[in-house]
Amino acid sequence: MSFKQALCAATAMTLVTASGALAENLVIATVNNGDMIRMQGFTQDFTDKTGHTVEWVTLEENVLRQRVTTDIAAKGGSFDIMTIGMYETPIWGANGWLVPLDDLSAEYDVDDILPAMAGGLSHEGTLYAAPFYGESSMIMYRTDLMEKAGLEMPASPTWEFIREAAAAMTDRDNDINGICLRGKAGWGEGGAFITAMSNSFGARWFDEDWNAQFDTQPWADTLNFYVGMMNESGPTGYATNGFNENLNLFQQGKCGMWIDATVAASFVTNPDDSEVADNVGFALAPNTGLGKNANWLWAWALAIPGGTQKEDAAKQFIEWATSKDYIELVAENEGWANVPPGARTSLYENPNYQAVPFAQMTLDSILSADPQNPTVDPVPYVGVQFAAIPEFAGIATEVSQEFSAVYAGQQTVEEALAKAQALTNDAMEAAGYR
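Residues numbered from 1 in each chain as written. Predicted model: local features only at pLDDT ≥ 70, side-chain atom pairs only at ≥ 80, totals over all residues. Heavy atoms only, no water.

Thoughts on the overall build of the chain
Stated formally: Starting at the N terminus, helices and strands are each numbered in turn, a helix being any DSSP run of H or I of at least four residues and a strand any DSSP run of E of at least two. Put simply, the radius of gyration uses C-alpha atoms, and a globule should come to 2.2 Å times the residue count raised to 0.38. Relative accessibility thresholds used throughout: buried, under 20% of the residue-type maximum; exposed, over 50%; partly exposed, between the two (1.4 Å probe, protein chains only). Only heavy atoms enter the contact rule, under which two residues are in contact if any of them lie within 4.5 Å. Here the accessible surface of atoms and residues is derived via Shrake-Rupley with a 1.4 Å probe, and residues count as covered only by protein chains that are part of the display. Counted as positive: Lys and Arg. Counted as negative: Asp and Glu. His and the chain ends are not counted at all. Note on charges: their place is set at NZ of Lys, CZ of Arg, CG of Asp or CD of Glu.
Along its length, the chain carries 18 helices and 11 strands. For a compact globule of 434 residues, the expected C-alpha radius of gyration is about 22 Å, and the chain comes in at 22 Å, within 12% of that figure. Here the C-alpha coordinates of the chain stretch approximately 65 × 55 × 35 Å along the principal axes. Burial statistics for the chain: of 434 residues in total, 58% are counted as buried. For the chain, contacts bridging at least 24 residues in sequence account for 74% of all contacts bridging at least 6. As presented, the chain carries roughly 17300 Å² of accessible surface, and 49% of it is formed by carbon and sulfur atoms. Charge separation in the chain, taken as the distance between the mean sites of 21 positive and 57 negative side-chain charges, equals 3 Å.

Next comes the structure, spelled out in structure tokens:
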């Protein structure tokens, strides 16, 4: 053992002894996104500082949601920390399923969390999950292909412009798709994208009396536009593409544009991973002139399930992973472009981060999303790409499956919308909303 390793081990033992607690092994469920994978590479720093070890359960997004929801509802106790988001946190907090994070240390500086993130991860003013990173969605596009097409990306483009540009950038002979978008079933995968897109077309999930709205013209316009554009300029098999699949396509130079999570910006501009890193521009998610952009608001956050026997150690991990110090740790080792974005006000006040080319567009996108007023017409729910009610996840997963069947050519837009209307109204009636 080197002197440095021995010193770290001694420091960790001192901390454990001083706290009067035994070192714990924490089991953490997380999503297989790049920032979480990067965090796993730094967890030795946490162990050195606390003595606690970490066991990771890393899952694809849809699988993660199913696993943690089943476990917490059944009080299974499989995990000491769960990676969840803005949809689950306030609902589970209200149910008493999560440990309140109302006693984090002064050094952690909970007031530094961006208000949009803290608000979405709280219930009645109490924080129940700490944001590892926050995001909206925005356009990432190939500047070289846009220039070749003779077009210039507006700061806030319309959907018609995006469709025109996608067609102009499509080059089937060279395996370049003008646009890559999520089509994968799942309320948080393709369902999240099409819901955010529908907001910009004037659609909504429910009217003010909780009646489903899939039989309206705005939803028909949304789905017909999406399918038409993707059939013209999207990749083969887009019905099964989610975040990671489209990220890979864009990094390989196979997409002219990609509209997705702002957190992807660091990956598409990283020359170690992206073949097009030097030719990426950014713009706000599109609109149709109705006053709403097609962007969402989300945080992947860390929460502690109620009943855990390792609450103190779990809080120590959450403070470590979502702290200013962790941001500095990543910056020192990976560069400022690769720190977890969208969670802390101080990050966007840091001159080092202000120099990152996508930093301001990420913040602008986050600030432009309004979960309290997500749609053109009034709605009875809160949430941009979801309705913050317990029944939504199940309903929206079924609806997204119907939409993905359209993308795969298995049914028509009209058939899918009729099924979505019926199953949503049936579910809402059974739940007592109607």
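Overview of the state of the cysteines
Here is the rule we go by: The disulfide criterion is simple: two cysteine sulfur atoms within 2.5 Å.
The tally for this structure, following the rule as stated, stands at 1 disulfide. Two residues, Cys180 and Cys255, share a disulfide whose sulfurs are 2.0 Å apart. An S-S torsion of about -85 degrees defines the bridge between Cys180 and Cys255 as left-handed. Within this pair, whereas Cys180 is found in strand β8 (residues 177–180), its partner Cys255 is found in strand β9 (residues 255–261), the two being separated by 75 residues in sequence. Taken as a pair, Cys180 and Cys255 share a single burial class, namely buried.

Topic: empty space enclosed by the protein
Going by this rule: The definitions used throughout rest on a 1 Å grid laid over the protein atoms alone, on which a cavity is an enclosed set of points accommodating a 1.4 Å probe that cannot get out and a pocket is an open set flanked by protein within 12 Å on both sides along at least five of seven lines; lining residues are those having an atom within 4 Å of a point. Grid points are joined across faces, edges and corners, and a volume is the space filled by probe spheres set on the points. Note on residue categories: nonpolar means Ala, Val, Leu, Ile, Met, Phe, Trp, Tyr, Cys or Pro, charged means Asp, Glu, Lys or Arg, and polar means any other residue, Gly included.
Taken as a whole, this structure holds 3 cavities of 30 Å³ or more when the rule is applied. In this structure, the largest cavity encloses a volume near 120 Å³. The wall of the largest cavity is formed by 16 residues, among which Glu61, Glu135, Arg182, Gly188 and Trp298 lie closest to the centre. Counting residues per element, the ones that place at least two in the lining of the largest cavity are α3 (61–73), β6 (130–135) and β11 (298–303). Among the residues making up the lining of the largest cavity, the classes are represented as 9 nonpolar, 3 polar and 4 charged. Around the second largest cavity sit Pro131, Phe132, Ala321, Thr322, Ser323, Tyr326, Ile327, Pro340, Ala343 and Arg344, which together line it. For the lining of the second largest cavity, the secondary structure elements donating two or more residues are β6 and α13 (324–334).

A word on the packing of aromatic side chains
Test applied: In this scheme Phe, Tyr and Trp rings, the latter by its six-membered ring, pair at centre separations within 6.5 Å, and the angle between planes marks the pair as stacked below 30 degrees, edge-to-face above 60, and tilted otherwise. Whether a charge sits over a ring comes down to the Lys NZ or Arg CZ being within 6 Å of the ring centre and within 35 degrees of the ring normal.
Taken as a whole and judged by the stated rule, the model has 38 aromatic pairs. Plain terms: the ring middles of Trp56 and Phe317 are 5.9 Å apart, the flat faces sit at 70 degrees to each other, and that makes the pair edge-to-face. In this pair, Trp56 is assigned in strand β2 (residues 53–59) and Phe317 in helix α12 (residues 311–321), connecting sequence segments 261 residues apart. Phe317 carries the same exposure label as Trp56, and that label is buried. The cationic tip of Arg65 hangs over the ring face of Trp187; the distance from NZ or CZ to the ring centre is 4.4 Å. The ring of Phe225 carries the charged tip of Arg163 above its face, separated from the ring centre by 5.1 Å.

As for the environment of Ile176
Summarising the element assignment, Ile176 is placed in the loop between α7 (159–169) and β8. Sequence separation of Ile176 and Phe42 is 134 residues, and the distance between their C-alpha atoms is 36 Å.

Observations concerning helix α16 (residues 359–368)
Counting along an α-helix, one turn takes 3.6 residues, and residues three or four places apart therefore face a common direction. Every buried residue of α16 is accounted for by Ala359, Met361, Thr362, Leu363, Ser365 and Ile366. Buried residues along α16 sit in contact with α5 (115–120), β6, β7 (137–142), β10 (280–284), α14 (345–348) and α15 (351–354).

With respect to the side chain of Thr269
Threshold: A 3.5 Å cut-off defines polar contacts: any pair of N or O atoms within that distance qualifies, except that in protein one atom must be a possible hydrogen donor and the other a possible acceptor, and neighbouring residues in sequence count only when both atoms are side-chain atoms.
By secondary structure assignment, the location of Thr269 is in the loop between α11 (265–268) and β10. A polar atom in the side chain of Thr269 sits 2.7 Å from the backbone oxygen of Ala265. Setting aside anything within four residues of it in sequence, one finds Thr269 in contact with Ala277, Val280, Phe282 and Phe358.

Some thoughts on the nonpolar core
For the record, the criterion: To qualify as a nonpolar core, a set must consist of buried Ala, Val, Leu, Ile, Met, Phe, Trp, Tyr and Cys residues joined through side-chain atoms within 4.5 Å.
Within the largest apolar cluster, 152 residues are counted, with the highest numbers of intra-cluster contacts made by Phe317 and Phe403. The residues contacting Phe317, other than those within four sequence positions of it, are Leu26, Ile28, Met39, Thr43, Phe46, Val54, Trp56, Ile81 and Leu302.

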